[in-house]
Amino acid sequence: MDDELVGAGAVVDGGLDRREAAERARLLEVGEYEVHLDLTRLADCPSFSSRTKVGFTCGEPGASTWIDLVAERVTNVELNGVALEGDAVVRPGRIRLGPLLAENTLLVCAEHSAGSGATAGRGLTRTVDPSDGRVYVWSQCEAFEARRIFACFDQPDLKATFHLTVAVPSEWICVSNGISRAPDRGADTWRFSRTPRLPTYVFAVCAGPFHQVEGRYQDIPIRLHSRQSLRGQLDRSAEEIISLTQRGLAHYEEQFAVPYAGDSYDYVFLPEFGGAMENFGCVCWTDEVIFRSEPSSLTRQMRATVLLHEMAHMWFGNLVTMRWWDGLWLNESFADWAAFSALATIIGEGESWASFLYRRKRGGYRADQAPTTHAVNGAVPDIDAAEASVDMITYAKGASVLRQLAATIGEEAFRAALRRYFTRNAWRNTELSDLLAEVHAVSGLDAASWARGWLERSGTDLLTVHTEHKRGTYTAVSVRHRTPSSPPLDHQVRIGVYDDTGSGHLALRQQLTLRVNGDGAELAELAGAPVASLLLPNDDDRDFVKMRVDQDSTASLAQPWRLPFVLPRAVALTTLEDMMVDAQLPASAVVDAACGCVDVEDSPAQLEQVVSLAYDAATIWTPPEKRAESLGRIADACLRRLDGPGHSRQLTQSLRYGFTRAAVRTDHLDHVATLLARDADDHALRWLCLQRLVGACWIGDEKLDSEATRDPDPDAPARASIVRSARGTAGAKDLGLKLMFREHLPCRTQREWLSDAFWQPLQGELLAPYVHAYLAQMRMLLTEERYDALYAAAVAFPLTVAADDCVEGLADLGSDTRVPARIRKMLLDRWDLLRRATRTHRLALAGDSDAPTTCGNQ
Ligand SMILES: [Zn+2]
């Protein structure tokens with residue numbers, strides 16, 4: 001209506017802090033948003049419009065507040081039937097409202113612009129499928145982005161119902177939180193059922209000429225959507241996704257004793273989307289998980305874990321929501337714990353928690369030892385801090401600590417506490433104390449003091465085993481405790497006692513549980529017992545703690561493949577890795593230990609995780625001059641197992657992946673070329689082979705072009721450009737760097753591929769000047785305040801090419817206060833990792849005589 005109302009017409013970005021959000025929540029209670037979105041123009045251009053009518057009450061009539069909105073132009077604002085005056089906008093991103101009545105109705109009409117490329121993922125994004133030119137539109141509202149789609153009180157504790165209508169081009173399908181009714185013939189407006197009371201950050205709307213597959217769970221439709229160019233691939237994936245959704249919903253309904261509250265369960269698989277988002281009844285997810293060819297077991301398992309993680313949020317986050325973003329850790333930790341617990345019912349406890357250790361907890365230990373570490377339950381003063389808090393402390397350490405809590409009070413009691421929590425707090429907002437109150441009620445645990453210890457302090461404790469013995473029997477066994485906390489944390493740690501069977505294996509003699517607090521503890525049960533081959537603390541991995549074994553256990557720890565179970569093997573191998581990170585052990589010892597495990601892991605997913613750990617050790621943690629030899633050992637280990645008897649098709653696939661990544665010698669590369677010639681259907685393997693062969697200058701670019709034509713994946717041409725940057729020539733690297741920094745950056749997965757292809761671990765000399773060029777480009781993005789592009793570039797920071805001056809350049813950039821907190825944190829974490837890796841390189845170069853190669857405490 002009135003351009004004058006908003007000055008120049010644009011309502012631009014602005015932030016939100018905790019204090020003002022609390023004040024607004026104290027004043028208001030929001031009833032319902034009636035939102036109409038007109039997305040019809042998005043078929044041709046990035047413009048769309050919103051019309052929002054919201055009803056809300058005010059506890060102090062006469063007071064003022066504001067509503068959040070980022071738009072190109074506001075065309076109408078009416079509060080209680082009165083058009084607002086020209087000074088309504090008091091600061092960017094806000095429309096001032098007041099004086100308020102006890103009952104209010106607000107109407108806001110606005111014109112918006114959808115993001116794309118580097119600005120994808122904030123509010124509404126418009127993506128064009130490069131393979132056929134079709135347009136798809138999708139939303140991402142977490143943490144503070146719903147305001148880019150319609151006017152709203154954009155904070156988690158102002159929950160409301162949403163009643164949405166959307167106009168789209170007639171050939172499009174529209175998906176949102178509620179169930180939809182397709183428009184009548186000739187009309188173009190989709191009407192969605194009214195949602196329960198939800199926070200704005202899980203609002204969703206997606207539209208486009210989607211391909212759709214439908215299944216059911218009881219009377220709830222489960223609908224899967226993908227772009228048309230992935231039609232065949234979605235059809236092949238659908239059965240597994242639908243079946244897992246049915247199992248997951250049944251599992252959580254039984255565990256939490258509250259039925260799923262939605263009237264539909266939709267998935268929208270999208271290009272350019274990073275990760276997955278738990279929008280209520282409408283999970284948005286990168287379409288990378290619609291596999292282009294038969295996936296490996298690990299890839300399939302990772303997809304299952306994400307599916308179960310997002311589903312757990314339907315209860316934890318959507319049904320019961322955090323009051324403010326300082327509760328985000330609990331949301332994410334809970335979803336991770338729930339997902340791996342649910343996975344355990346499918347693949348078994350040992351394998352599920354070993355995967356948790358490899359893929360999550362390991363990252364949690366690393367993050368907790370970095371200079372950017374923070375308490376799990378830390379202060380989150382504003383939205384920037386909320387975005388920065390999404391890290392491995394939030395996900396992995398938090399989830400580990402919840403698992404530990406469940407073990408301490410018993411799984412059944414923990415489940416009872418959750419059931420009470422969901423029942424009492426349905427559709428409300430809570431704080432950590434609400435959950436702790438239920439834990440206390442069912443178990444009697446002093447949950448507040450437990451939380452003060454485990455959740456409000458940063459840093460990881462270290463437990464060290466010490467033994468004394470005489471004539472083959474223990475005279476004393478103790479566990480010492482080093483802690484950054486005061487008072488010290490309480491550990492209830494299980495210690496596995498393993499004996500040599502005489503045939504090369506270790507057998508479990510017994511498991512002892514020990515309470516360690518502060519000064520340490522004596523393991524009196526072992527006095528007089530025969531000396532074991534290995535005393536392995538935390539062999540069930542329930543404790544979040546670093547550990548070092550006693551001197552007599554070092555040889556067995558270095559040979560984790562001799563252990564009889566998958567979880568203790570993972571604990572031993574990741575302990576060796578932790579020692580490498582602390583520069584107490586050269587990377588070659590970790591490569592050897594992992595290669596030994598390649599011989600014994602029968603689960604293809606575990607094997608792939610072991611090889612991946614070995615690959616990191618052989619590249620990031622090994623000095624450049626020793627990398628080829630270490631990689632060669634990994635490739636040889638995979639080949640040896642491949643040549644051995646009796647392994648499944650999936651194990652063969654995982655071994656081929658591992659072998660191809662590590663292939664370095666001429667005979668290896670010959671074998672990779674054979675795999676490429678022979679394996680016609682495994683496109684993921686074929687791209688891996690091509691990258692390795694291009695990286696070694698073994699084949700020409702024409703092979704990449706022909707692969708892009710034969711792979712039915714619509715993203716195959718983009719993959720070919722990425723793989724081209726692996727070639728060890730200045731021309732290929734120049735093009736690769738341009739790709740990394742060009743305006744329309746590819747999606748996060750593609751950026752990770754590019755980083756992997758470009759920064760080849762054996763091309764250090766060629767790449768050194770490119771690290772400088774890379775840092776210079778990052779500084780330019782900072783000067784130009786292009787933060788989204790800066791974030792995208794930070795993801796691709798090299799970890800395998802680390803000249804000392806580059807490490808310092810990274811530290812400078814990471815300390816620059818102009819850089820948003822979440823990017824600064826990412827840069828400083830990488831800096832810390834490179835600094836540690838340099839220390840471990842020196843250990844390997846110091847020569848065998850100087851290097852401590854023992855695994856035990858000294
Ligand atoms: Zn999550």
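Since the structure is predicted, the reported quantities are computational estimates derived from the model, not experimental observations. (Residues numbered from 1 in each chain as written. Predicted model: local features only at pLDDT ≥ 70, side-chain atom pairs only at ≥ 80, totals over all residues. Heavy atoms only, no water.)

## Section: the sheet that holds strand β17 (residues 265-270)
- Spatially, the five strands line up as an open sheet ordered β15-β16-β17-β19-β18, and their pairing is mixed. The open sheet terminates on both sides in strands that have one partner only, identified here as β15 (211-217) and β18 (276-277).
- Two strands pair when backbone bridges link them, and β15 and strand β16 (residues 220-226) are joined in this way by seven bridges, in the antiparallel orientation. Within β16, the position partnered with Val213 by the bridge is Leu224. (Pairing = 2+ DSSP bridges. Helix = DSSP H or I, 4+ residues; strand = E, 2+ residues; numbered from the N terminus.)

## So, the sheet that holds strand β28 (residues 546-548)
- Strand order in the open sheet formed by four strands is β26-β23-β22-β28, and the pairing between neighbours is mixed. Only two strands of the sheet have a single partner each, and these edge strands are β26 (521-522) and β28.

## Quick notes on the packing of aromatic side chains
- By the definition in use, this model includes 38 aromatic pairs.
- With a centroid separation of 4.9 Å and 65° between ring planes, the pair formed by Phe150 and Phe203 is classed as edge-to-face. Placement of Phe150 in the loop between β9 (135-140) and β10 (161-167) and of Phe203 in the loop between β13 (189-192) and β14 (205-208) is noted, with a sequence separation of 53 residues between them.
- For Phe150, a relative accessible area of 0% corresponds to the buried category.
- What makes Phe203 buried here is its relative accessible area of 1%.
- Ring geometry for Phe758 and Tyr770: centres 6.1 Å apart, planes at 80°, overall edge-to-face. Residue Phe758 is found in helix α22 (residues 748-758), and its partner Tyr770 is found in helix α23 (residues 764-783); the two are separated by 12 residues along the sequence.
- The class for Phe758 is buried, based on a relative accessible area of 0%.
- When the ring centre of Trp66 is taken as reference, the NZ or CZ atom of Arg24 above it lies at 4.1 Å. (Phe/Tyr/Trp six-rings, centres within 6.5 Å; stacked < 30°, edge-to-face > 60°. Buried < 20%, exposed > 50% of the residue type's maximum accessible area, 1.4 Å probe, protein only. Lys NZ or Arg CZ within 6 Å of the ring centre and 35° of its normal.)

## What about the pattern of salt bridges?
- Throughout the structure, instances matching the rule amount to 67 salt bridges.
- Salt-bridge contacts for Arg366 lead to Glu577; the nearest nitrogen and oxygen are separated by 3.5 Å. With Arg366 in helix α5 (residues 349-368) and Glu577 in helix α12 (residues 566-581), this residue pair connects regions lying 211 residues apart in the sequence.
- Take Arg366: its relative accessible area is 23%, and that puts it in the partly exposed class.
- Between Arg686 and Glu707 there is a salt bridge; the shortest N-O distance is 2.7 Å. Of this pair, Arg686 sits in helix α18 (residues 683-695) while Glu707 sits in helix α19 (residues 701-710), placing them 21 residues apart in sequence. (Salt bridge = Lys/Arg side-chain N within 4 Å of Asp/Glu carboxyl O.)

## Re the UniProt feature "domain: Peptidase M1 membrane alanine aminopeptidase" (unreviewed entry) in the protein chain
- The feature "domain: Peptidase M1 membrane alanine aminopeptidase" (unreviewed entry), as given by UniProt, occupies residues 244-454 in the numbering adopted here.
- Helix makes up 61% of residues 244-454 and strand 8%. Its end C-alpha atoms lie 33 Å apart. (UniProt positions renumbered as here; feature names shortened; annotations may be inferred.)

## Thoughts on the packing of helix α2 (residues 231-256) against helix α8 (residues 411-425)
- Interaxial distance between α2 and α8 falls to 8 Å at its minimum, and their mutual angle equals 90°. Accordingly, the angle class assigned to the pair α2 and α8 is roughly perpendicular. Where α2 abuts α8, its residues Glu254, Gln255 and Phe256 lie against Arg415, Leu418, Arg419 and Phe422.
- Class assignment of the residues belonging to the contact of α2 with α8 gives a composition of three nonpolar, one polar and three charged. (Axes fitted to C-alpha atoms, helices over the stretch in contact; angles between N-to-C directions. Parallel < 35°, antiparallel > 145°, perpendicular 65-115°, else oblique. Contact = heavy atoms within 4.5 Å. Nonpolar A, V, L, I, M, F, W, Y, C, P; charged D, E, K, R; others polar.)

## As for the packing of α18 against α19
- Running from amino to carboxyl end, α18 crosses α19 at an angle of 170°, the nearest separation of the two axes being 11 Å. With respect to α19, the element α18 is oriented roughly antiparallel. Between α18, through His683, Arg686, Trp687, Leu690 and Val694, and α19, the contact on the second element is made entirely by Lys703, Leu704, Glu707, Ala708 and Arg710.
- For the contact of α18 with α19, the class distribution of residues is five nonpolar, one polar and four charged.

## Remarks on the confidence of the model for the protein chain
- The share of residues in the protein chain with pLDDT of 70 or more is 95%, and the mean pLDDT across the chain is 92.
- When the criterion is pLDDT under 50, residues 1-12 qualifies, and its contacts beyond four places in sequence or with other chains add up to 34 contacts.
- In the model, residues 849-858 has pLDDT below 50 throughout and makes 31 contacts with residues more than four positions away in sequence or in other chains. (pLDDT = per-residue confidence, 0-100.)

## Focus on the side chain of Thr622
- Position of Thr622 among the secondary structure elements: in the loop between α14 (604-619) and α15 (624-643).
- Look at Thr622 and you get buried, because its relative accessible area is 4%.
- Every residue in contact with Thr622, bar those within four places of it in the chain, is listed here: Ala587, Ala617, Arg627, Ser630 and His841.

## A few points about the side chain of Asp540
- As for its placement among the helices and strands, Asp540 is situated in the loop between β27 (534-537) and β28.
- Beyond its immediate stretch of four places on either side in the chain, Asp540 contacts Arg403, Arg494 and Leu567.

## A look at the domain arrangement of the protein chain
- For the protein chain, the assigned domains are domain 1 (3-209), domain 2 (321-455), domain 3 (461-543 + 545-566) and domain 4 (730-848).
- Distance from the C-alpha centre of domain 2 to the C-alpha centre of domain 3: 27 Å.
- Counting residues at the interface gives 15 residues for domain 2, matched by 11 residues for domain 3.
- Summing the contributions of domain 2 and of domain 3, the shared interface buries around 1100 Å²; its carbon and sulfur component is 46%.
- A per-residue breakdown of the area domain 2 buries against domain 3 is headed by Tyr365, Arg403 and Trp454, which together make up 39% of the total.
- If you look at where domain 2 meets domain 3, you find two salt bridges.
- Glu411 is the partner of Arg542 in a salt bridge, and the nearest nitrogen-oxygen pair spans 3.5 Å. (Domains from an automatic or database assignment. Buried area = accessible area lost by both parts, 1.4 Å probe.)

## What about helix α13 (residues 587-598)?
- In this model, α13 (12 residues) spans 17 Å end to end at C-alpha, consistent with the 16 Å of a helix rising 1.5 Å per residue.
- Most of α13 sits out of view: nine of its 12 residues are buried.
- Residues of α13 that are buried: Ala587, Val590, Val591, Ala593, Ala594, Cys595, Gly596, Cys597 and Val598.
- Looking at the buried side of α13, the elements it contacts are α12, α14, α15, α16 (649-662) and α26 (821-845). (Expected span 1.5 Å × (residues − 1).)

## Comments concerning the pairing of strand β24 (residues 490-500)
- In this structure, β24 lies alongside strand β25 (residues 506-517), joined through 11 bridges in antiparallel fashion. The residue bridging His491 from the neighbouring strand is Val516, located in β25.
- Where β24 folds back on β25, the antiparallel hairpin that results is connected by five residues, among which Gly502 adopts a positive phi of roughly 90°.
- In terms of strand pairing, β24 meets β27 through four bridges, oriented antiparallel. Paired with Val497 across the bridge in β27 is Leu535.

## Thoughts on α2
- The end-to-end C-alpha distance of α2, which contains 26 residues, comes to 35 Å, matching closely the 38 Å that a straight helix rising 1.5 Å per residue would cover.
- Of all the bends in α2, the greatest measures close to 40° and is centred on Ser237. (Bend = angle between axes of the 7 residues up to and from the residue.)

## Things to note about the nonpolar core
- If you look at the biggest cluster of nonpolar residues, it comprises 283 residues, and the most contacted ones within it are Tyr267, Trp315 and Phe422.
- Ranked by residues supplied to this core, first place goes to helix α4 (residues 328-347) with 12 residues.
- Residues in contact with Trp315, not counting those within four places in the same chain, are Leu249, Tyr252, Glu253, Phe256, Val258, Pro259, Tyr260, Val320 and Phe422. (Core = buried A, V, L, I, M, F, W, Y, C linked by side-chain atoms within 4.5 Å.)

## Some points on the environment of Gly496
- The residue Gly496 is located in strand β24 in this model.
- A residue is classified by how much of its surface remains accessible, and Gly496, at 0% relative accessible area, is buried.
- Counting along the chain gives 292 residues from Gly496 to Asp788, while the straight-line C-alpha distance between them is 48 Å.
- Ignoring sequence-local partners within four residues, the contact set of Gly496 consists of Leu508, Gln510, Gln511, Leu534, Leu535, Leu536 and Asp539.

## A short note on the pairing of β15
- Burial along β15 is one-sided: His211, Val213, Gly215 and Tyr217 are buried, while Gln212, Glu214 and Arg216, pointing the other way, are not.
- Here β15 folds back onto β16 in antiparallel fashion, the turn holding two residues, of which Gln218 has a positive phi close to 50°.

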